[in-house]
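Coordinate analysis (summary)
Listed here are the chains, written in short residue letters.
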Amino acid sequence: METAAEIVIALLLVVSGVFGLVGSYGLIKLSDPMMRLHAPTKATTLGVGGVLIASMLYFLVFGGAPSFHELMITLFLFLTAPVSAHFVAKAFLHRNIRREEVVPARHGSVWAGYSPAEDAPATGEADDRVE
Amino acid sequence: MSPALIAALPFLGALLPGLMIRAGRDASALVTGAATLLALIGLLTHLPAVMRGEVVTAQFTWLPALGLNASFFIDGLGMLFAGLILGIGLLIILYARYYISAQDPMGQFYTYLLLFQGAMVGIVLSDNILLLLIFWELTSLSSFLLIGYWKHLPEGRQGARMALAVTGMGGLALIGGMLILGEIAGSYELTVILENREAIQSSDLYMPALLLILLGAFTKSAQFPFHFWLPHAMAAPTPVSAYLHSATMVKAGLFLMARLWPVLSGTEAWFYIVATTGLVTMVIGALIALFKDDLKALLAFSTVSHLGLITMLLGFGTPMAAVAAVFHIINHASFKAALFMTAGIVDHEAHTRDIKRLGGLRRLMPVTFAIATITALSMAGIPFLNGFLSKEMMLEEASHTVWAGSHWAVPALATLGALLSVAYSFRYIVHVFLGPERDDYPHHPHDPGFGMWAGPALLAALVIVIGVAPWLVEPLVRSFAGAVTAGDLPDFHLKLWHGVTPALYMSGIAVLGGAALLLAHGGLARLWQAAPRPEAKTIFDTVVDSAARAARAFTDALHDGAISRYLAIFTVAAVAVAGISFLGGSFAAGGRALLAVEIIPAIGWLLLVVATLTIVAVHRRRLLALVLMGVVGVMISLGFVYISAPDLALTQLTVEVVTVILLLLALNFLPKETPRESGAAIRLRDGVIASVVGLGAAALIYAIMTRDVSSISQFHLAQSYYGGGGTNVVNVILVDFRGFDTFGEIIVLGIAALSIFALTEALLGGPVSRRLVNWRYDMARAGDRHPLMLVVATRALLPIALVVGVFIFLRGHNQPGGGFIAGLVVAIAFVMQYMASGFAWAQARQNFHYHATIALGVLIAALTGLGAWFNGRPFLTSDFGYITIPPLNEFEWATAIAFDVGVFLTVVGSVMLALASLSRIARRAGETVNLEPMDVDPSKPGGRSERQER
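Residues numbered from 1 in each chain as written. Chains lettered and ligands numbered in written order. Predicted model: local features only at pLDDT ≥ 70, side-chain atom pairs only at ≥ 80, totals over all residues.

**Structural notes on the overall build of chain B**
On a plain count of helices and strands, chain B comes out with 40 helices and six strands. For chain B, the residues scored as buried account for 43% of the 950 residues in total. Put simply, 77% of the contacts in chain B that link residues at least 6 apart link residues at least 24 apart. (Helix = DSSP H or I, 4+ residues; strand = E, 2+ residues; numbered from the N terminus. Buried ≥ 20, exposed ≤ 12 C-beta atoms within 10 Å, placed from the backbone. Contact = placed C-beta atoms within 7 Å.)

**Here's the deal with the overall build of chain A**
Helices and strands together make up the secondary structure of chain A, namely four helices and zero strands. The order of α-helices and β-strands along chain A, N terminus first, is α-α-α-α. The proportion of buried residues among the 131 residues of chain A is 11%.

**What to know about the pairing of strand β4 (residues 890-894) of chain B**
Residues and elements named next belong to chain B. Inspection of the sheet shows strand β3 (residues 880-884) paired to β4 by five bridges, in the antiparallel sense. Bridging from a neighbouring strand, Ile883 pairs with Phe891 of β4. Adjacent in sequence and paired antiparallel, β3 and β4 are bridged by five residues. (Pairing = 2+ DSSP bridges.)

**Here we look at helix α1 (residues 3-13) of chain B**
All names here are of chain B. Looking at α1, one finds that the buried residues are Pro3, Ile6, Ala7, Leu9, Pro10 and Gly13. Along the long axis of α1, the arc covered by the buried residues comes to 140°, so they all point the same way. Looking at the buried positions of α1, the neighbouring elements they touch are α2 (15-20), α3 (25-44), β1 (56-63), β2 (68-74), α5 (76-99) and α6 (106-125). (Arc of directions from axis to C-beta.)

**Here we look at the packing of helix α2 (residues 33-61) of chain A against helix α3 (residues 69-96) of chain A**
All names here are of chain A. For the pair α2 and α3, interaxial distance at closest approach is 11 Å and the crossing angle is 180°. The angle between the axes of α2 and α3 places the two elements in the roughly antiparallel class. Where α2 abuts α3, its residues Pro33, Met34, Leu37, Thr41, Thr45, Val48, Gly49, Leu52, Ser55 and Met56 lie against Glu70, Ile73, Thr74, Leu77, Ala81, Ala85, Val88, Ala89 and Phe92. Here the residues of the contact of α2 with α3 sort into 13 nonpolar, five polar and one charged. (Axes fitted to C-alpha atoms, helices over the stretch in contact; angles between N-to-C directions. Parallel < 35°, antiparallel > 145°, perpendicular 65-115°, else oblique. Nonpolar A, V, L, I, M, F, W, Y, C, P; charged D, E, K, R; others polar.)

**Things to note about unusual backbone geometry**
Backbone geometry follows two general trends: most residues other than glycine have a negative phi, and most peptide bonds adopt the trans configuration. All names here are of chain B. Cis geometry marks the peptide bond from Phe224 to Pro225, where omega comes out at 0°. With respect to the element layout, Pro225 can be found in the loop between α11 (206-220) and α12 (229-232). Not every positive phi belongs to a glycine, and His351 is a case in point at roughly 60°. Of note, His351 is situated in the loop between α18 (319-350) and α19 (366-380). A tally of 13 C-beta atoms within 10 Å means that His351 is categorised as partly exposed. Non-glycine residue Phe384 carries a positive phi angle of around 70°.

**Digging into the confidence of the model for chain A**
Summing up the model confidence of chain A, the mean pLDDT is 81 and the portion of residues at 70 or higher is 86%. Every residue in residues 121-131 of chain A is under pLDDT 50, and counting partners more than four places away or in other chains gives seven contacts. (pLDDT = per-residue confidence, 0-100.)

**Focus on the nonpolar core**
Side chains of a nonpolar character, in soluble globular proteins, are inclined to be buried together. Residues and elements named next belong to chain B. Residues Ala82, Val121, Ile213, Leu313, Ala325 and Val326 are the most contacted members of the largest nonpolar core, which totals 200 residues. Apart from the residues lying within four places of it in its own chain, the contact partners of Ala82 are Ile6, Leu43, Val121, Val124 and Leu125. In terms of nonpolar packing, the next biggest core, distinct from the first, is built from 55 residues, Val735, Tyr834, Ile854 and Leu905 among them. (Core = buried A, V, L, I, M, F, W, Y, C linked by C-beta atoms within 7 Å.)

**Quick look at helix α13 (residues 238-247) of chain B**
Counting buried residues along α13(B), ten of its ten residues qualify, which places the element largely inside the surrounding structure. Of all the positions in α13(B), only Thr238(B), Pro239(B), Val240(B), Ser241(B), Ala242(B), Tyr243(B), Leu244(B), His245(B), Ser246(B) and Ala247(B) are classed as buried.

**Remarks on the confidence of the model for chain B**
Across chain B, pLDDT averages 87, with 99% of residues at or above 70. ipTM for the predicted complex: 0.82, alongside a pTM of 0.70.

Given below as structure tokens:
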């Protein structure tokens, strides 16, 4: 039993190590920011996830008691990683891609990241504020 | 009544007039008078004991380590002065009630007056000279407020400033002198000092102490050449002049000389400095007084002259001269206060106090005339009035004083002074009240109401009583003078007729000469006006201006507004000091064995170095620099984790988050690039300085870390649980061992947050406001300020973050955490909401008052600290214990948690106030308020919410 657990834990650690390495390598290697975004978010999330599972297993089998800290870490990871990736992407769109270059929003919706003036070019310049 | 309470009563009473003024001016005057009267009664209960020669004392230890005790005593001298201060104070309060007009803030006046009164009583009753010095400075400050009471008058403000500058300077010298005196005597208690005459006079430090103390006394008592401030202080309302500049404050210098008379007098230096200064002041003051046309200026210079007279008597150093000095202090206070009040009545009724525009008031103001005549004749030294008696005694003493071998110098000059004094006293009567009635007074004069002349009339009655029946006050004078001379009194009797003595001849010459001088006054005044005289105010202003210019030049050189300059000066100075002590001392390398470098800290170290160097390289791009600063902060918190300092790590991490968020918000309104402002040479210089300082600090840390340093840590570790009731040493240090530091720190934190608020307030009022109104953001703005994802995520995180905050707070005493960290965590939880949905939107939903939160925090911490007092322990002593609530386990309770609540609230309030301030700037720059939590809500038709308001 313990040997099997050891093998599983080792396997998980190695796999997550590989994911981490690939993710970091991708961050340097990939050219476009949008592509680069995938490397740390996906690969690293998986990598960290592997370590967390390995940790839970370890404490369950060798630590004598189940450990739930890892679940909290997972929760926060699932909350923060997508949100920050989303914002990096939004910032990139906002800074580098003009409104005309993206497809129009469907179902009467809007592109949130662009200002209303850009979104509906017909309204013209925003009025000058003078007081 | 305890002497300490007598001194404290006016201070306590000072709180009342400002409140009672709402109930009317009579009520305000009444409470002021009540406080004074109470103190006076308390003082007089000790009169019998003091007359028997006893000394009443009261003592509290205050800062025994410094020799500073709140000790008071009443002896004859203290009784005399305290009686004068409180008694005349009572009359002045009555007089001021009718003098101060309805437009002036009377509550303020009485508050200042009582503050001053308390300070004066404090001076004369202090037993400890350090305490005396504190009261001495308080009189300077409170008299500054009183002289400048009419804030709208430039003369008032300038006069107040001059008085403060001169007496403040003297006070500084006095501090030096008193400290030397205390060092020689080995105690700061006057009663001890007064018994060490031989030790003090034989000490090498006697001369410096004497000079410094006399400098303080002379400036306060307006002795030549520091007499010039007193006439300028006459810009004050007349009650102030009558009180401060006749009876009390200017007598503080005399009091000091009289108080220290037993130990300082009797030497040649004392005689020549004090007696000569007094003599010169007496003659010069009288001479100037004769040619002043302003009634108050005349009285001011006559005061200078009489103060000179008393100083001279003290300077003679003989017991009989001291008796004369004490007697003249009483007499002068009585007639001069009354004279000032009559001058004020004339000014009040005729609307002028220019002698050239007055005259013939005899029939128009008969009561005032009678009072003024009695008191002025007393000042002139006419028989049957008290001024005559003390002047005779003065002339008697002068007549057998030898000055530098000359037998006639002092008597002749004293007679001249008396003669001039007669002349200006007669002038006050003749030129103001006698002569033909005029029809061009600025205002038709008549006698004032009873309330206004009651005070001076009482004093005039005293003048006559003492003048006719001096034996009535003889026991008092004997007791008062006995305190000055420390018991060594000659057998004397106060009486009218001493027989035909030299003093009588001198007196006769003075009266006749004075009258003759007045007859020739018109011609002499023209001569006086034509003669060149130094103008004291111009000289003073020149000196002050050049001193201010020099100070400004020096300050501007150090503080030119560039932070790099301050840092350079500070760090170079630190390196220089450290370098000198390093080269001067012996240095041996530390003996501790070095630890092996492990791989993980090495990586962290490398990251830190790289981040720091990158900041230097890219510091002009502010956003990038900020990100890198965040990296450095996170690395440092990881470092704390590595070396097992979880409290520090948590603090560092939370502080880092708050700092970065607030800086990001501020950067919104700042240029994103720092312009290049200095040349290559300057940058090289700054680089060298920075490197040297950095390497120096590193070397210092290395030196400390390579040796075993004994520190207080062992004590803290040992005492944490048993003494402080907590196993988290860091927290126990914060809330218990060093609780007072923490208390100070949260106050500083609160002040910093309030300063941010105040600065923002000032910004929004100034030219910056117009720039903000026309603000155009220099970066393109995103379409959704409040993105859906952020709103939803922070909403989900809020309860978790709050629970974490509470958890960290509660476990703080025993495990990593505590009020400070919890405050930051909760603040971050709030800040996230504000970032996600906008400040105004979030504030409308969690509206608590940030200023009040800060104040509440500090108050709770203070009250917790005060709680220890009720258990007879020092401030901030904490307590803890254990209770068991039946179904649960044993609980620990500790008072430290209440203190920690204070810390917590202050931190939350401060962070939120800083955020609110930044949001105010954004609002001024046109940031609109959204009415929906997010800008684009896909669940609603149309998506984009347009509901916004300015």
